[in-house]
Amino acid sequence: MSLHLISFKTCPFVQRAVITLKHKNIDFDITYIDLANPPDWFLEISPLAKVPVLKVDDEILFESAVINEYLDEITGGELQPRDPLARAKNRAWIEFASNMLGNLYMMKMSKDHERYNKYRDLLVRQMQRVEKRLGDGPWFNGEQFTLADTAFAPLFKQDSVADSKLSVIDPATMPKVQAWAERLLALPEVRDSVVDEFEDLYLAAMEKNGSYSLNRLAA
Ligand SMILES: N[C@@H](CCC(=O)N[C@@H](CS)C(=O)NCC(=O)O)C(=O)O
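The notes below deal with the structure included here. Quantities reported herein were computed from a predicted structural model and do not represent experimental measurements.

This part is about the packing of helix H4 (residues 84-109) against helix H5 (residues 113-133). Across the interface, H4 lies against H5 with an axial gap of 9 Å and an inter-helix angle of 155 degrees. Judged by the angle between their axes, H4 and H5 are roughly antiparallel. Our pair here, H4 against H5, has a crossing hand that is left-handed. Every residue of H5 that contacts H4 at Trp93, Phe96, Asn99, Met100, Asn103, Leu104, Met106 and Met107 is listed here: Arg115, Tyr116, Tyr119, Arg120, Leu122, Leu123, Gln126, Met127, Arg129, Val130 and Arg133. Of the residues contributing to the contact of H4 with H5, the split by class is 12 nonpolar, three polar and four charged.

Moving on: the packing of aromatic side chains. If you walk through the whole model with that rule in mind, you get 11 aromatic pairs. Pairing Trp139 with Phe145 gives two aromatic rings, centres 5.0 Å apart and planes at 90 degrees, and the pair type is edge-to-face. Taking the centre distance of 6.3 Å and the plane angle of 25 degrees together, the rings of Phe152 and Phe156 count as stacked. In this pair, Phe152 and Phe156 both sit in helix H6 (residues 147-160), four residues apart, roughly one turn of the helix. In this structure, Phe152 and Phe156 share a single accessibility class: buried.

Rules of the game
- Residues numbered from 1 in each chain as written.
- Predicted model: local features only at pLDDT ≥ 70, side-chain atom pairs only at ≥ 80, totals over all residues.
- Heavy atoms only, no water.
- Axes fitted to C-alpha atoms, helices over the stretch in contact; angles between N-to-C directions.
- Helix = DSSP H or I, 4+ residues; strand = E, 2+ residues; numbered from the N terminus.
- Parallel < 35°, antiparallel > 145°, perpendicular 65-115°, else oblique.
- Left-handed = near helix turned anticlockwise from the far one by under 90°.
- Contact = heavy atoms within 4.5 Å.
- Nonpolar A, V, L, I, M, F, W, Y, C, P; charged D, E, K, R; others polar.
- Phe/Tyr/Trp six-rings, centres within 6.5 Å; stacked < 30°, edge-to-face > 60°.
- Buried < 20%, exposed > 50% of the residue type's maximum accessible area, 1.4 Å probe, protein only.

Interpretation note: all reported values are geometric properties and have no functional meaning in isolation.
Laid out in structure tokens, this is it:
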């Protein structure tokens, strides 16, 4: 079976799939596209015109959470809790992380103070909720590393780009999130889940968008 991931170099949703693939040592090919100028062949196969898309031989899978569950299921399924309720709750938190990723993007790319603060406040409240949900670790579900960990890791990666001084994680009030984020970012599969030029590309996108937080750091 051949697995071929269609990616955009700074997309955190694709990064989730790459982390899962690398965590499980699954062979795959990757093709990067420019989302500002998507090729016709991509628009043809991607129902929402979004990445990630995973080609499984000639079949098409989309949606990062679905792709990750599939990758896990064909390789033993140990990245999901066995208990149906625990598994359902894990899926819900993965969805929560997706919502946070949207808010983080809006915050980083906000042009003005007002919008920046609106998304920042939202994210801080969401992060506080995650803090309450976390136990003693080391992972989201305790001892078992799961797809919730691969889903949140890109959020921490993006939070740490450029303006780590402006991270939404407050170590004083969110010590569990802080420790979990550090643990995730130190994993080889997370470190190697983005291209070398990731930070430069992300910064360039912030600059192009007239990012308030970037300008604030430069000031
Ligand atoms: N719910 C989707 C979100 C994927 C997504 O938003 N991808 C962005 C890039 S990070 C995209 O392809 N955007 C293109 C567009 O919206 O036209 C998933 O989890 O896979």
